[in-house]
Amino acid sequence: MTGSLLEMRALLEGMQIGFLTTVGGDGHFHSRPMQLQCHDTDGTLWFATSVESHKCEDLRTNPRCCVAFLKNSKYVSVSGSAELVKDERMIRSLWTPAWRGWFPDGPGEPDLVLLRVTPEHVEYVDPPGGTLRSLYTRVKNALTRSRAEPAPKKELDLVRH
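For the structure given in this document, a descriptive report is provided here. No experiment lies behind these values; they were computed from the predicted model shown.

The rules behind these values
Residues numbered from 1 in each chain as written. Predicted model: local features only at pLDDT ≥ 70, side-chain atom pairs only at ≥ 80, totals over all residues. Heavy atoms only, no water. Helix = DSSP H or I, 4+ residues; strand = E, 2+ residues; numbered from the N terminus. Areas by Shrake-Rupley, 256 points an atom, 1.4 Å probe, with all protein chains shown as cover. Salt bridge = Lys/Arg side-chain N within 4 Å of Asp/Glu carboxyl O. Buried < 20%, exposed > 50% of the residue type's maximum accessible area, 1.4 Å probe, protein only. Core = buried A, V, L, I, M, F, W, Y, C linked by side-chain atoms within 4.5 Å. Contact = heavy atoms within 4.5 Å. Arc of directions from axis to C-beta.

Glancing now at the overall build of the protein chain. The number of helices and strands found in the protein chain is 4 helices and 8 strands. Ordered by position from N to C terminus, the α and β elements of the protein chain give α-β-β-β-β-α-β-β-α-β-α-β. For the protein chain, the exposed surface amounts to about 9600 Å²; the carbon and sulfur share of it is 53%.

See the structure below:
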């Protein structure tokens, strides 16, 4: 596992909700919250969804996407490509009763599909000192009329060759 991959996995620890952004057939960006089900050692992100959803329609036309996470003051944006996966064994292994709200027939629901996002590029801001550091920076900026950031944006390239 590469250092960039280890860094990405560490950044995603504790992240549960991400905003998946796709490009619709109308050319507009569409974002919606998605619960991260797991992330594999190779960096792959997994989500559960309805095969008939607009996001799947978008991704069948253009698999490029972005998933952005925010927790406290840490921001992680993962861009890559998505694929719809109908793997009943994996669906059963990831199944949680919380999914019943969308899939009342359980893991055998015909509409249930997994969404696999293969990351290619990561951008993130992870301020040392977390939320307190971010608040301090905002107050300092307001008092001094500056535009300092609590931490620099960093990038990771994960494209596999």
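Moving on, there is more to tell.
The subject of this paragraph is the pattern of salt bridges. For the structure on display, the rule yields 3 salt bridges. In this structure, the salt-bridge partner of Glu 120 is Arg 64, at a minimum N-O distance of 2.7 Å. Here Arg 64 lies in strand S5 (residues 64–71) and Glu 120 lies in strand S7 (residues 112–125), a separation of 56 residues in the sequence. When its relative accessible area of 24% is taken as the criterion, Glu 120 is described as partly exposed.

This part takes up the nonpolar core. If you look at the biggest cluster of nonpolar residues, it comprises 23 residues, and the most contacted ones within it are Leu 45, Phe 47, Phe 69, Val 76, Leu 115, Val 117 and Val 122. The set of elements that each furnish at least two residues to this core consists of helix H1 (3–12), strand S4 (45–50), S5, strand S6 (74–85) and S7. The contact partners of Val 117, leaving out residues within four places of it in the chain, are Gly 43, Thr 44, Leu 45, Phe 47, Cys 65, Val 67, Ser 81 and Ala 82. Membership of the second largest hydrophobic core comes to 11 residues, among which are Trp 46, Ala 48, Trp 95 and Phe 103.

Now for unusual backbone geometry. The backbone of Asn 72 sits at a positive phi, close to 55 degrees, despite the residue not being glycine. As for its placement among the helices and strands, Asn 72 is situated in the loop between S5 and S6. The exposure class assigned to Asn 72 is exposed, which follows from its relative accessible area of 63%.

The next thing to look at is H1. Buried within H1 we find Leu 5, Met 8, Arg 9, Leu 11 and Leu 12. Each buried residue of H1 sits inside an arc of 160 degrees when the element is viewed along its axis, so together they form one side. For H1, the secondary structure elements touched by its buried residues are strand S3 (38–39), S4, S5, S6, S7 and strand S8 (154–157). Positive phi appears at Gly 14, one or two residues downstream of H1, with a value of about 85 degrees.

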